Amino acid sequence: MELELRLFATFREAVGQKTITREYPDSVRVGEVLVALEDEFEDLNGQLLDEEGEIQPQLNVLKNGKEVLHLDGLDETFAVGDRLSLFPPVAGG
């Protein structure tokens with residue numbers, strides 16, 4: 001299945017573009033996609049998942065605009081046409 005991935009702010013810089021598409025097995029889960037992204041892009045390594053394999057604090061991971069933590073978290077699966085958006089923590093004042 002083809003999955004559209006949207007990356008924002010520093011994640012966009014790490015990947016070199018705002019939107020990428022990747023092929024995954026039909027049963028792929030959010031956690032597996034995040035691991036694959038960290039493996040593919042060196043600058044994302046450790047930015048998406050913490051040492052326990054959980055989503056980094058303050059990181060927003062949205063499936064079709066809905067926070068995955070309010071769905072099935074890392075076990076959330078995808079259907080054809082879904083997209084995953086990643087927003088890094090924002091700091092400022």
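Residues numbered from 1 in each chain as written. Predicted model: local features only at pLDDT ≥ 70, side-chain atom pairs only at ≥ 80, totals over all residues. Heavy atoms only, no water.

J.: In this structure, what is going on with the overall build of the protein chain? I would like to understand it.
T.: The number of helices and strands found in the protein chain is two helices and five strands. In the protein chain, the succession of helices and strands from N to C terminus is β-α-β-α-β-β-β. Computed over the C-alpha atoms, the radius of gyration of the protein chain is 12 Å, within 12% of the 12 Å expected from 2.2 N^0.38 for a compact globule of 93 residues. When its C-alpha atoms are laid out on the principal axes, the protein chain stretches across 40 × 25 × 25 Å. Within the protein chain, buried positions represent 40% of all 93 residues. Pairs at least 24 apart in sequence give 49% of the contacts found in the protein chain among residues at least 6 apart. As presented, the protein chain carries roughly 5,600 Å² of accessible surface, and 44% of it is formed by carbon and sulfur atoms. Both charge centroids of the protein chain, one from 8 positive and one from 20 negative side chains, sit 11 Å from each other. (Helix = DSSP H or I, 4+ residues; strand = E, 2+ residues; numbered from the N terminus. Rg over C-alpha atoms; globule rule 2.2 N^0.38 Å. Buried < 20%, exposed > 50% of the residue type's maximum accessible area, 1.4 Å probe, protein only. Contact = heavy atoms within 4.5 Å. Areas by Shrake-Rupley, 256 points an atom, 1.4 Å probe, with all protein chains shown as cover. Lys, Arg positive; Asp, Glu negative; His and termini not counted. Charge placed at Lys NZ, Arg CZ, Asp CG, Glu CD.)

J.: Looking at this model, I keep getting lost on the side chain of Ser85. Mind explaining?
T.: Take Ser85: it is sitting in strand S5 (residues 83-87). For Ser85, a relative accessible area of 9% gives the class buried. What Ser85 contacts, discounting residues up to four positions off in sequence, is Arg6, Phe8, Asn60, Val61 and Leu62.

Taken by themselves, the reported measurements are silent on function.
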